[in-house]
Amino acid sequence: MAFFTHQIRRGFSSSIIKNGVIKNVTIIGGGQMGAGIAQVAASTGHTVTLVDTSEDILKKSRKGIEGSLKRVVKKKFADKPEAGEEFIQNVLQNVSISTDAGASVQAADLLLEAIVENLKVKQDLFGHLDELAPANTIFASNTSSLPITDIAGSTSRLDRFGGLHFFNPVPMMKLVEVVGTSTTSQETFDSLLNFSKALGKTPVSCKDTPGFIVNRLLVPYMMEALRLHERGHGSKEDIDIAMKLGAGYPMGPFELCDYVGLDTVKFIIDGWSAKDPHNPLFASSELLNKLVAEGKYGKKTGEGFYKYK
Ligand SMILES: CCCCCCCCCCCCC[C@H](O)CC(=O)SCCNC(=O)CCNC(=O)[C@H](O)C(C)(C)COP(=O)(O)OP(=O)(O)OC[C@H]1O[C@@H](n2cnc3c(N)ncnc32)[C@H](O)[C@@H]1OP(=O)(O)O
Ligand SMILES: NC(=O)c1ccc[n+]([C@@H]2O[C@H](COP(=O)([O-])OP(=O)(O)OC[C@H]3O[C@@H](n4cnc5c(N)ncnc54)[C@H](O)[C@@H]3O)[C@@H](O)[C@H]2O)c1
């Protein structure tokens, strides 16, 4: 189905990576999402370079990938431990790590960013790499909430820029939101769609609107949960239990926020509040701001709305 049937093709180069197939992926940001995407891409035969700001972070990323792969093979190779170990080694061989983003994009068919949810930091990163990456490299962001158009604006490859929004934890969540802007070429969009399918994911096509599809619906629900608690109309525990047992969610809203990371959650809310300052839904939360100010980001720091061992 043509995604851009209504689009008037601009005079952008339609040349993209060789026959549109993405094989070499450079991922910038080896945190929760970048490491998860690297794992799934490497597990499906792609060559991955994972980039972050320090060797220590990248060692942690690699350790996290290995730990997750061990959970996968426990099921996938339940009665064949040797095959499981071989699978893990083969996947890890597909992942190289680097702190040099510029060098790491030289052979990239796709540059996928999964760094901090901050527009200026993303724009600076993409603007810098736009000058270093091959002309045909496709750029994409894993942003939860920022306009792809705004992120792409720092580059000269508006036809080869899109959004690839994966879900946490990446090895378990089947969905990818593929986002096209008004300047994303059809070839680029199709390459991103096919890449998502090659990773074993189910893609949906999204416009570049706030929150794309899932977060547009998830953020209001989760903000209402926070307000309900702040009004004293329900404990965190009861609200989480209620949504799991009453609505069939695998995690309640407070559990999920701790899982996502309260730092990222705050970036999202602050960003949407700045864009829509009169919308009470996005008014800042004293409780959320307090937790983030105290460095309590949730699972990744050992405490958020809940404490973790
Ligand atoms: C209330 C405050 C509001 C504040 C404002 C809100 C603002 C809005 C915030 C929006 C944030 C958007 C973020 C982003 O853009 C979009 C998202 O990603 S949203 C998150 C989407 N994901 C979910 O909703 C996850 C829901 N949870 C689950 O699906 C499951 O709980 C789980 C995470 C899969 C875990 O499964 P469980 O059965 O619960 O428990 P286990 O941990 O035992 O796992 C079971 C089994 O699964 C396998 N497994 C689990 N995790 C992994 C992994 N990381 N890698 C590999 N395998 C995994 C494994 O086999 C486990 O078995 P085991 O190994 O434990 O034997
Ligand atoms: N956490 C989630 O559930 C989730 C889900 C979907 C999308 N996202 C989005 O993915 C992105 C990353 O989220 P996360 O949860 O993985 O964050 P994270 O904090 O776990 O990881 C971010 C990583 O990026 C690195 N980084 C920051 N600036 C960098 C730079 N300039 N160059 C290289 N590396 C840099 C950090 O060192 C860190 O390791 C955000 O845009 C977020 O909105 C998050």
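Cut-offs applied
- Residues numbered from 1 in each chain as written.
- Chains lettered and ligands numbered in written order.
- Predicted model: local features only at pLDDT ≥ 70, side-chain atom pairs only at ≥ 80, totals over all residues.
- Heavy atoms only, no water.
- UniProt positions renumbered as here; feature names shortened; annotations may be inferred.
- Helix = DSSP H or I, 4+ residues; strand = E, 2+ residues; numbered from the N terminus.
- Expected span 1.5 Å × (residues − 1).
- Buried < 20%, exposed > 50% of the residue type's maximum accessible area, 1.4 Å probe, protein only.
- Arc of directions from axis to C-beta.
- Contact = heavy atoms within 4.5 Å.
- Axes fitted to C-alpha atoms, helices over the stretch in contact; angles between N-to-C directions.
- Left-handed = near helix turned anticlockwise from the far one by under 90°.
- Nonpolar A, V, L, I, M, F, W, Y, C, P; charged D, E, K, R; others polar.
- Phe/Tyr/Trp six-rings, centres within 6.5 Å; stacked < 30°, edge-to-face > 60°.
- Near = heavy atom within 4 Å.
- Polar contact = N/O pair within 3.5 Å; in protein donor to acceptor, adjacent residues only side chain to side chain.
- Areas by Shrake-Rupley, 256 points an atom, 1.4 Å probe, with all protein chains shown as cover.
- Domains from an automatic or database assignment.
- Buried area = accessible area lost by both parts, 1.4 Å probe.
- Salt bridge = Lys/Arg side-chain N within 4 Å of Asp/Glu carboxyl O.

1. What to know about the UniProt feature "domain: 3-hydroxyacyl-CoA dehydrogenase NAD binding" (unreviewed entry) in the protein chain
Those places that UniProt annotates as "domain: 3-hydroxyacyl-CoA dehydrogenase NAD binding" (unreviewed entry) correspond, in this numbering, to residues 24–209. Helix makes up 44% of residues 24–209 and strand 22%. Its end C-alpha atoms lie 29 Å apart.

2. Observations concerning helix α2 (residues 55–76)
Spanning 22 residues, α2 covers 31 Å between terminal C-alpha atoms, matching the ideal 32 Å at 1.5 Å per step. Among the residues making up α2, those that are buried are Leu 58, Ser 61, Ile 65, Ser 68, Leu 69 and Val 73. The buried residues of α2 occupy an angular sector of 140° when the element is viewed end-on, so they sit on one face. Of the exposed residues in α2, those oriented more than 90 degrees away from the buried face are Asp 56, Lys 59, Lys 60, Lys 63, Arg 71 and Lys 74.

3. Quick word on helix α11 (residues 262–275)
In this model α11 runs 20 Å from its N-terminal to its C-terminal C-alpha over 14 residues, within 8% of the 20 Å that 1.5 Å per residue would give. Every buried residue of α11 is listed here: Leu 262, Asp 263, Thr 264, Val 265, Ile 268, Ile 269 and Trp 272. Elements that come into contact with the buried residues of α11 comprise α8 (214–230), α10 (253–260) and α12 (286–293).

4. Comments concerning the packing of α2 against helix α3 (residues 81–93)
It is at 9 Å that the axes of α2 and α3 come closest, and there the two elements cross at 145°. Here the hand of the crossing between α2 and α3 comes out right-handed. Counted together, Arg 62, Ile 65, Glu 66, Leu 69, Lys 70, Val 73 and Lys 76 of α2 and Gly 84, Phe 87, Ile 88, Gln 89, Val 91 and Leu 92 of α3 form the full contact between these two elements. Considering only residue class, the contact of α2 with α3 consists of seven nonpolar, two polar and four charged.

5. A few points about the packing of aromatic side chains
The final tally for this structure, using the stated rule, is seven aromatic pairs. Summarising the aromatic geometry, the rings of Phe 126 and Phe 161 are spaced 4.8 Å apart at their centres and angled 65° between planes, so their arrangement reads as edge-to-face. Of this pair, Phe 126 sits in helix α5 (residues 119–130) while Phe 161 is found in strand β6 (residues 161–166), placing the two residues 35 residues apart along the sequence. Each member of the pair Phe 126 and Phe 161 is classed as buried. Members of the aromatic cluster, connected to one another through ring pairs, are Phe 126, Phe 139 and Phe 161.

6. A closer look at the site of ligand 2
Close to ligand 2 lie 22 residues, the nearest being Met 33, Asp 52, Glu 117, Lys 122 and Ser 144. Take Ile 115: an N or O atom from its main chain is 3.2 Å from an oxygen atom of ligand 2. One of the side-chain N or O atoms of Glu 117 is found 2.6 Å from an oxygen atom in ligand 2. Starting from 830 Å² of accessible surface for ligand 2 in isolation, the protein chains cover 83%. Elements supplying a minimum of two residues to the shell around ligand 2: α1 (32–43) and β6. Partitioning the shell around ligand 2 into residue classes produces eight nonpolar, 10 polar and four charged. Split by domain, the residues of the shell around ligand 2 number at least three in each of domain 1 (24–206) and domain 2 (214–301).

7. Description of the domain arrangement of the protein chain
By convention, interface size is frequently given as the accessible area that disappears when the constituent parts associate. Per the domain assignment, the segments making up the protein chain are domain 1 (24–206) and domain 2 (214–301). At the interface, 13 residues of domain 1 touch nine residues of domain 2. When the two sides are added together, the surface that domain 1 and domain 2 hide from each other amounts to roughly 960 Å², 56% of it contributed by carbon and sulfur. Joining domain 1 to domain 2, the criterion identifies one salt bridge. The partner of Asp 150 in a salt bridge is Lys 275, with the nearest N and O atoms 3.5 Å apart. Inspection of the domain 1/domain 2 interface yields four residue pairs in polar contact (both at pLDDT 80 or more). Taken together, the residues that form the side of domain 1 that touches domain 2 break down as five nonpolar, five polar and three charged.

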